[in-house]
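Inside the fold
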Amino acid sequence: MTTNHNRLTIHEAHKLLKSKELSSVELTKATLERIHNLEPKVHAFTTITDELALRQAQKADEFIAAGNSNPLTGIPVLVKDNMCTKGILTTCSSKMLENFVPPYDATVVERLNGRGAVIIGKSNMDEFAMGSSTENSALFTTHNPWELSRVPGGSSGGSAAAVAAGEAIYALGSDTGGSIRQPAGFCSVTGLKPTYGRVSRYGLVAFASSLDQIGPLTQDVTDCALVLNAIAGYDTRDSTSAPQPTPDYTQCLTADIKGLKIGVPKEYFVEGIQPEVAAAIRAAITRLEELGASIEWEVSLAHTPYALAVYYIIAPSEASANLARYDGVKYGFSYSDTKNMWQAMEKTREHGFGAEVKRRIMLGTYALSAGYYDAWYLKAQKVRTLIRREFDQAFTKYDALITPTSPTVPFKIGEKMDDPLQMYLSDVCTIPVNIAGLPAISIPAGFADGLPIGMQIIGKPFAEETILKIAYAFQQATDWHMRKPNI
Ligand code: GLN
């Protein structure tokens with residue numbers, strides 16, 4: 001075949017598979033070949049599962065031959081390396097878990113496997129999903145396929161870079177403060193963070209449990225809906241997963257957004273925002289206005305500026321509790337050349353965790369300590385409630401809110417590594433959404449000097465359909481999402 005299989009979307013590949021113009025084995029082989037060609041430049045994969053992928057592809061072809069296929073059958077997917085995959089390394093890009101092979105699959109992985117997906121590997125990330133550039137990976141840094149000297153964003157940087165480079169048709173990421181949307185924006189792909197509770201977290205290595213959520217990184221909105229169809233829904237093994245029924249998310253993709261009310265919160269056009277980013281987002285919103293949406297250009301969400309501070313108390317607090325399990329006894333890295341158990345634990349954590357993870361554990365332990373709990377953690381929880389209420393209030397008037405995904409285009413590798421506060425700022429626009437548990441999608445909305453700009457659309461709780469609809473309408477009318485890096 002002469003067509004480039006590696007640039008197929010899920011829905012395009014599905015058609016070809018169904019009509020038998022293409023087999024899953026052919027598609028998988030082409031994908032693996034591209035991965036092996038590009039990985040020396042991109043470094044998106046922590047593990048490439050060639051053998052498993054080919055076995056799954058063969059099985060998928062049998063499925064399809066028997067007439068049993070569904071939209072994900074036989075299509076290669078990349079899974080972020082913080083989701084448990086039975087029998088496959090799950091490192092969280094940490095030395096602590098460098099040899100960890102889970103005995104079970106995360107629910108999302110089980111659901112993909114149940115639909116005949118083909119797992120091609122695990123993707124690089126910031127260690128334990130803490131970061132915005134993938135530079136905190138203990139293994140290596142992923143490079144942005146649009147310009148290899150730049151970061152792909154993070155923490156799901158491996159997933160986003162691979163989809164952008166055509167090394168994966170789609171990928172899964174996780175988002176605690178922006179880790180799906182920010183890298184999606186930086187790599188010019190489509191990334192959705194579902195409502196908190198919409199997708200099961202069972203088998204996702206916990207970072208901050210009240211914020212973490214798994215979602216798709218895809219080449220367009222249709223694919224995003226198809227993946228959400230597969231992974232969303234109640235799971236008895238995750239008590240925070242929502243019992244709400246899941247609609248068919250492809251049903252809302254009609255491109256008719258006439259009369260939808262969209263608010264543009266001014267606080268998200270933060271001080272220091274790159275002018276090209278602000279201009280591109282305003283132009284994109286104008287496009288939506290031309291398509292029939294009614295836009296309110298001057299909405300105010302006054303508590304927005306506090307979200308970052310709230311996040312950097314709550315997320316580290318939860319992380320400090322979640323990461324207490326890495327003691328060198330239960331699983332993972334263990335430093336045993338010591339005199340006693342206490343020293344073994346100490347050394348295990350000293351050598352097993354990287355600098356950012358240790359910083360978060362210290363911040364969280366401090367915020368939760370008896371003398372400071374009220375002043376920091378409790379206060380942060382109260383402000384969290386105010387932020388959530390402010391969104392609730394805004395959603396009595398608007399169907400969706402639109403903001404930039406990040407205040408800048410992708411920065412240079414190394415540029416922000418010595419300045420954690422600067423790094424944290426790269427998520428100012430995405431973090432409030434996690435604080436309030438809302439769904440939001442980032443879609444390609446332009447370029448500045450060849451570097452991608454992402455637009456974020458935020459919806460009401462469980463209104464994924466509304467934001468998918470708006471994003472779909474935008475993609476029907478523009479071609480930003482069709483542009484691919486020349487790599
Ligand atoms: N960049 C944010 C952080 O470092 C968000 C990370 C995430 O969403 N996992 O915590």
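Everything numeric here is computed off the predicted structure, so don't read it as measured data. (Residues numbered from 1 in each chain as written. Predicted model: local features only at pLDDT ≥ 70, side-chain atom pairs only at ≥ 80, totals over all residues. Heavy atoms only, no water.)

This part is about the environment of A65. Examined against the element boundaries, A65 turns out to sit in helix α3 (residues 50–65). Its relative accessible area of 58% is what places A65 among the exposed residues. In the structure, A65 is positioned 70 residues away from E135 in sequence and 44 Å away in space, judged by C-alpha atoms. (Helix = DSSP H or I, 4+ residues; strand = E, 2+ residues; numbered from the N terminus. Buried < 20%, exposed > 50% of the residue type's maximum accessible area, 1.4 Å probe, protein only.)

Contact geometry of helix α2 (residues 24–42) with α3 gives a least axis separation of 8 Å together with a crossing angle of 160°. Comparing the axis directions of α2 and α3 gives the class roughly antiparallel. In this structure, the crossing between α2 and α3 has a hand that is right-handed. Across the interface between the two elements, S24, V25, T28, K29, L32 and H36 of α2 pack against D50, A53, L54, A57, Q58, A60 and D61 of α3. Residue composition of the contact of α2 with α3, by class: 6 nonpolar, 4 polar and 3 charged. (Axes fitted to C-alpha atoms, helices over the stretch in contact; angles between N-to-C directions. Parallel < 35°, antiparallel > 145°, perpendicular 65-115°, else oblique. Left-handed = near helix turned anticlockwise from the far one by under 90°. Contact = heavy atoms within 4.5 Å. Nonpolar A, V, L, I, M, F, W, Y, C, P; charged D, E, K, R; others polar.)

According to the stated counting rule, one finds 3 cavities of 30 Å³ or more in the structure shown. A volume near 70 Å³ is recorded for the largest cavity. In terms of lining, the largest cavity is formed by 14 residues, of which the most central are A129, G131, Y311, Y312 and D427. Taken together, the residues of the lining of the largest cavity break down into 6 nonpolar, 6 polar and 2 charged. Taken together, G185, F186, V277, T405, S406, T408, V409, P452, I453 and G454 form the lining of the second largest cavity. Going through the elements one at a time, α6 (181–187) and β11 (451–459) are the ones with two or more residues in the lining of the second largest cavity. With 3 residues, β11 is the largest single contributor of residues to the lining of the second largest cavity. Residue composition of the lining of the second largest cavity, grouped by class: 5 nonpolar, 5 polar and no charged. (1 Å grid on protein atoms, 1.4 Å probe; cavity = no way out; pocket = protein on both sides within 12 Å on 5 of 7 lines; lining within 4 Å. Points joined across faces, edges and corners; volume = space filled by probe spheres on them.)

Let us look at the state of the cysteines. Considering all chains together, one arrives at 0 disulfides under this definition. This cysteine, C252, is not joined by any disulfide, and C224 carries the nearest cysteine sulfur, 10 Å off. For C252, a relative accessible area of 8% puts it in the buried group. The thiol of C429 is unpaired, and the distance to the nearest cysteine sulfur, on C187, comes to 17 Å. We classify C429 as buried; its relative accessible area is 0%. (Disulfide = S-S within 2.5 Å.)

Further remarks concern the pattern of salt bridges. Within this structure, the stated rule accounts for 13 salt bridges. Several salt bridges converge on common partners, so that one network encompasses E110, D235 and R237. (Salt bridge = Lys/Arg side-chain N within 4 Å of Asp/Glu carboxyl O.)

With that settled, the discussion passes to the site of the ligand. Taken together, 15 residues lie near the ligand, and G177, S179, Y311, R360 and D427 sit nearest. Contacts to the ligand include A129, whose backbone N or O atom sits 2.8 Å from a nitrogen atom. The contact in question runs from an oxygen atom of the ligand to an N or O atom on the backbone of G178, over 3.2 Å. Starting from 290 Å² of accessible surface for the ligand in isolation, the protein chains cover 100%. Tallied by class, residues from the shell around the ligand come to 5 nonpolar, 7 polar and 3 charged. (Near = heavy atom within 4 Å. Polar contact = N/O pair within 3.5 Å; in protein donor to acceptor, adjacent residues only side chain to side chain. Areas by Shrake-Rupley, 256 points an atom, 1.4 Å probe, with all protein chains shown as cover.)

Examined against the element boundaries, S200 turns out to sit in the loop between β5 (190–193) and β6 (213–218). Look at S200 and you get buried, because its relative accessible area is 0%. Looking at S200, its side chain comes within polar contact range of the side chain of T107, at 3.5 Å. A polar atom in the side chain of S200 sits 2.6 Å from the side chain of D235. Every residue in contact with S200, bar those within four places of it in the chain, is listed here: T107, V108, I214, G233, D235, D238 and S241.

What follows is about unusual backbone geometry. Residue G154 is joined to S155 through a cis peptide bond whose omega torsion reads 10°. Structurally, the position occupied by S155 is in the loop between β3 (118–123) and α5 (157–165). A positive phi angle is found at F128, which is not glycine, with a value near 50°. Positive phi, normally seen in glycine, also occurs at A129, with a value near 70°. When you line up the elements, A129 lands in the loop between β3 and α5.

Along α2, the sharpest change in direction is near 35° and occurs at H36; proline P40 comes one to four residues later. Turning to α2, its buried residues number three or more, namely S24, L27, T28, A30, T31, L32, R34, I35, L38, E39 and V42. Residue H43 follows α2 closely and has a positive phi angle near 60°. (Bend = angle between axes of the 7 residues up to and from the residue.)

Working note: regular strand, side chains alternate between the two faces of the sheet. Burial runs high along strand β7 (residues 261–265): 4 of the 5 residues are buried. Of the strand pairs in this sheet, β7 and strand β8 (residues 294–299) are connected by 4 bridges, and their pairing is parallel. Looking at the pairing, K261 lines up with S294 of β8. Considered for its hand, the β-α-β crossover made up of β7, helix α8 (residues 275–290) and β8 is right-handed. By the bridge criterion, 2 bridges tie β7 to strand β9 (residues 400–404) in an arrangement that is parallel. Pairing of G263 across the sheet is with L401, part of β9. (Pairing = 2+ DSSP bridges. Right-handed = clockwise from strand over helix to strand, strands pointing away.)

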